[in-house]
Amino acid sequence: MVQPRVAIALGDPAGIGAEVVLKALAALADDPPKDPPEDPPEDPPEQPSKITLVGNRALLEQTCDRLVQAGFSYLPDLSTLDLLEVPLDSALVSQITPGAESAASGEASFRFLQTAIAHTLAGEFDGIVTAPIAKSAWKAAGHVYPGQTELLAEQARTTRFGMMFVGRSPHTGWTLRALLATTHIPLRQVPDALSPDLMTRKLELLLDSLRDDFGILQPRVAIAGLNPHSGERGQLGHEELEWLTPWIHQMRQQHPHLTLDGPIPPDTLWVRPGQAWFGTSRPVQTHDAYLALYHDQGLIPVKLMAFDCAVNTTIGLPFVRTSPDHGTAFDIAGRGIADASSMKAAIRLAISLSAQRLIFQNQS
């Protein structure tokens, strides 16, 4: 039987990472992961999983003690959890305080993720779940990266990767999948960063993921426009006329199995996904995935719909990577009130995708 092995990097220890991980594991003990990705031709059977935490025991014990003091009594027994210990100097640990971002917390979270990546690339894990980090804390510690995604790609030695967000509606069961063409860059750089070559790479990544991770062989994909009203025939911007629309026509010819719609005006692109997410009295025709052109164009609607259950999934890596769709929440760290729903969803999706990849590998 295929047993996916998943590592959970505990994130910034001054944030809510360890708290939501412990809460999610407690919840999953009563509600084990059993839902595979939506709509595969044949659902993979329910798989047991091996979960290993990657972090520092002293910091993890401090988190557990604070949760008990806050009245959260239902927690996993730390002695029963697999922990890949990341040694930290006691002086560094002493500088870490809940809610206080620092170079010390940034250094700890960087080492947690670096360790998880190294052991995954060595074949010990099939996937990684990453708890939230603070980019500014990484920078203060001397590690300058736009985010965890870029470190993962660098360590995996790939430039072919993408940031996709996946969420299953608790209202209707519909699954939202949104890929970003550009990620952590200033808004003024977006038009220059976008090109037919970039869009082709992102679309091919998306199609590979829909096929391999979700079993969707003839997908429907929506492409956002860049400008208001998708440029209004050149009145509000020229990118759609000059290259985006011709590129879409070219992709339709190259991928006859694909239904590709766009460029759809950004202010209307998310209307039907919103209706499918929250429910409507009338049938709604949706797409299997949505390709947004820049960070906020995709993430504002995703977070409005699915803030507590969306999962950040890095596609294109040689292993599965998921992460909850929220940050470190320093303002509530150490108080025991963080919502673990998104972390629970991230763990479940990592297990499910890892199992499906292992099944595919064994069959090929």
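Here the structure is a predicted model, which means the values were calculated and not measured. (Residues numbered from 1 in each chain as written. Predicted model: local features only at pLDDT ≥ 70, side-chain atom pairs only at ≥ 80, totals over all residues. Heavy atoms only, no water.)

Mapped onto the present numbering, the UniProt feature "binding site: a divalent metal cation" (unreviewed entry) falls at His184, His229 and His295. Across 112 residues, the annotated set is spatially dispersed, with a maximum C-alpha separation of 24.0 Å. Since its relative accessible area comes to 43%, His229 is described here as partly exposed. Discounting residues that sit within four places of it in the chain, His229 has contacts with Leu236, Pro265, Pro266 and Asp267. Note that His295 resides in helix H12 (residues 295–306). Sequence-distant contacts of His295, defined by excluding residues within four places in its chain, comprise Leu180, Thr182, Thr183 and His184. (UniProt positions renumbered as here; feature names shortened; annotations may be inferred. Buried < 20%, exposed > 50% of the residue type's maximum accessible area, 1.4 Å probe, protein only. Contact = heavy atoms within 4.5 Å. Helix = DSSP H or I, 4+ residues; strand = E, 2+ residues; numbered from the N terminus.)

On inspection of all chains with the given rule, the structure shows three cavities of 30 Å³ or more. By volume, the largest cavity amounts to about 160 Å³. Lining the largest cavity are 21 residues, and of these Pro13, Gly15, Ala18, Thr63 and Arg66 lie nearest its centre. Listing elements by their share of the lining of the largest cavity, those giving two or more residues are helix H1 (17–30) and helix H2 (57–69). If you tally residues by element for the lining of the largest cavity, the top one is H2, at five residues. (1 Å grid on protein atoms, 1.4 Å probe; cavity = no way out; pocket = protein on both sides within 12 Å on 5 of 7 lines; lining within 4 Å. Points joined across faces, edges and corners; volume = space filled by probe spheres on them.)

So, about the nonpolar core. Residues Leu194, Met199, Val221, Ile223 and Ile347 are the most contacted members of the largest nonpolar core, which totals 117 residues. Setting aside anything within four residues of it in sequence, one finds Leu194 in contact with Ala181, Thr182, Met199, Leu226, Trp243 and Leu293. (Core = buried A, V, L, I, M, F, W, Y, C linked by side-chain atoms within 4.5 Å.)

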